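Here is how the chains run, residue by residue.
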Amino acid sequence: MSTLNALQVAIEVAQRQRDGARQALLDLQRIVQAGQAQLDQLRQYAQETEQRWGMRAGAAVQPEVMHHHYQFMARLEHTMGLQADIVQAQGQRVAQARQVLMQAELRVQSLQKVLQRKQQEQALAQQRREQKQTDERASLRLVSPYSTSRTSPLGQEV
């Protein structure tokens, strides 16, 4: 029985680890979604800014203003690149967390199979013991005090 108890404890520990891995994966997925949303906002803002400046194509703009605009757009592009790198790195962390979760799931399942096999072995052993006892009782009934051969108290047949 102690082996079964040890296996059950191991399964509980493995399940807690699996649940922790699942929660870590969910947290990382939320972070990736938030990072992607932020990147999408930056891209949308860059498009809107370019569209606003595109409407002024015919208008006369001072060179300093154009310089500031190009500088601003370069910084915005740089920021979008950084954000894209962050989202990609977080995506790799999600893939790693998914792998950890898969390994934890496999560990729980394998421990559960071992426990099930041990329980089946114990049930089979118990069934064999009961069958042996039944067979012994049956054989004792066949050799009863009412059998045809009798012995005297001295051990001789009468």
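Going by the structure above, here's the rest.
Each helix and strand in the protein chain was counted, giving two helices and zero strands. Across the 158 residues of the protein chain, 19% fall into the buried class. A separation threshold of at least 6 residues defines the contact pool for the protein chain, and within that pool the share at least 24 residues apart is 78%.

Within the element layout of this structure, Gln83 appears in helix 2 (residues 63–142). The class for Gln83 is buried, based on a relative accessible area of 10%. A polar contact of 3.4 Å, which involves the side chain of Gln83, links it to the side chain of Gln38. Those residues within four positions of Gln83 in sequence are excluded, and the remaining contacts are Gly35, Gln38, Leu39 and Leu42.

Attention now moves to the nonpolar core. Ranked by size, the top nonpolar core spans eight residues in total: Ala21, Leu25, Leu28, Val32, Val87, Val94, Ala97 and Leu101. Looking at this core, the elements with two or more residues in it are helix 1 (2–55) and helix 2. With sequence-adjacent residues up to four places away left out, Ala21 is seen in contact with Val100 and Leu101. Membership of the second largest hydrophobic core comes to seven residues, among which are Leu4, Ala14, Val108 and Leu115.

Applying the stated criterion across every chain, the model contains five salt bridges. When the shortest N-O distance is used, the salt bridge between Arg22 and Asp19 registers 3.5 Å. You can see Arg22 and its partner Asp19 sitting in helix 1, three residues apart, about one turn around the helix. Its relative accessible area of 33% is what places Arg22 among the partly exposed residues. According to the relative accessible area criterion, Asp19 is partly exposed, its value standing at 39%.

Analysis parameters
Residues numbered from 1 in each chain as written. Predicted model: local features only at pLDDT ≥ 70, side-chain atom pairs only at ≥ 80, totals over all residues. Heavy atoms only, no water. Helix = DSSP H or I, 4+ residues; strand = E, 2+ residues; numbered from the N terminus. Buried < 20%, exposed > 50% of the residue type's maximum accessible area, 1.4 Å probe, protein only. Contact = heavy atoms within 4.5 Å. Polar contact = N/O pair within 3.5 Å; in protein donor to acceptor, adjacent residues only side chain to side chain. Core = buried A, V, L, I, M, F, W, Y, C linked by side-chain atoms within 4.5 Å. Salt bridge = Lys/Arg side-chain N within 4 Å of Asp/Glu carboxyl O.

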